[in-house]
Amino acid sequence: MEQRLKAVDVIAVCRADGTIQPLRLRLEDGEQGYVRGDVVEILRTSEIPYVGIEAKIYQCRVRIEDRICYLELRYAIRSHTWCLQRRTF
């Protein structure tokens, strides 16, 4: 398992009830430039308030190229930024 906190680009849908669902993300890869992934399934969501920063954590199954990966994305509510918190290949 690889532990990182890395900014990522995310396309998400904001539903009428206020929930946010990530659909697609783009990771920077040192070798190929950028790698795109589609969120196949959201396994778990949680909200974590820490040190005054409100964030939502999404544990997702993502398809990157022909592989299925398990990623943990963090969405910072106030700054509207997405970070890759953890990934397992």
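Parameters and conventions
Residues numbered from 1 in each chain as written. Predicted model: local features only at pLDDT ≥ 70, side-chain atom pairs only at ≥ 80, totals over all residues. Heavy atoms only, no water. Helix = DSSP H or I, 4+ residues; strand = E, 2+ residues; numbered from the N terminus. Buried < 20%, exposed > 50% of the residue type's maximum accessible area, 1.4 Å probe, protein only. Lys, Arg positive; Asp, Glu negative; His and termini not counted. Salt bridge = Lys/Arg side-chain N within 4 Å of Asp/Glu carboxyl O. Contact = heavy atoms within 4.5 Å. pLDDT = per-residue confidence, 0-100. Polar contact = N/O pair within 3.5 Å; in protein donor to acceptor, adjacent residues only side chain to side chain.

Draft legend 1. Expanded view of the side chain of Arg74. With respect to the secondary-structure elements, Arg74 resides in strand β6 (residues 67-76). The side chain of Arg74 sits in the buried core without any salt bridge; Glu72 is the nearest counter-charge, 8.6 Å away. Dropping the residues within four chain positions of it, Arg74 is found in contact with Leu5, Tyr50, Ala55, Lys56, Ile57, Thr81, Trp82, Cys83 and Gln85.

Draft legend 2. Just the confidence of the model for the protein chain, in detail. Chain-level statistics for the protein chain give a pLDDT mean of 87 and a share of 92% at 70 or above. Summarising per-element confidence for the protein chain, the mean pLDDT is lowest in strand β1 (residues 2-7) (68) and highest in strand β2 (residues 9-14) (96).

Draft legend 3. Quick peek at the side chain of Glu72. Looking at where Glu72 falls in the secondary structure, it is placed in strand β6. Here Gln59 takes part through its side chain, which lies 3.1 Å from a polar atom of the side chain of Glu72. In this structure, Glu72 is in contact with Ile57, Tyr58, Gln59, Cys83, Leu84, Gln85 and Arg86, ignoring residues within four places of it in sequence.

Draft legend 4. Fine view of the pattern of salt bridges. The tally for this structure, following the rule as stated, stands at six salt bridges. The closest approach of N and O atoms between Arg26 and Asp9, which form a salt bridge, is 2.7 Å. Of this pair, Arg26 sits in strand β3 (residues 20-29) while Asp9 is found in strand β2, placing the two residues 17 residues apart along the sequence. Note on Asp9: relative accessible area 39%, which makes it partly exposed. The closest approach of N and O atoms between Arg61 and Glu41, which form a salt bridge, is 3.4 Å. Taken together, the positions of Arg61 in strand β5 (residues 53-64) and Glu41 in strand β4 (residues 33-50) put the pair 20 residues apart, joining distant regions of the chain. Looking at Arg61, the relative accessible area reads 25%, which means it is partly exposed. Connected through salt bridges with shared partners, the residues Arg24, Arg36 and Asp38 form a single ionic network.

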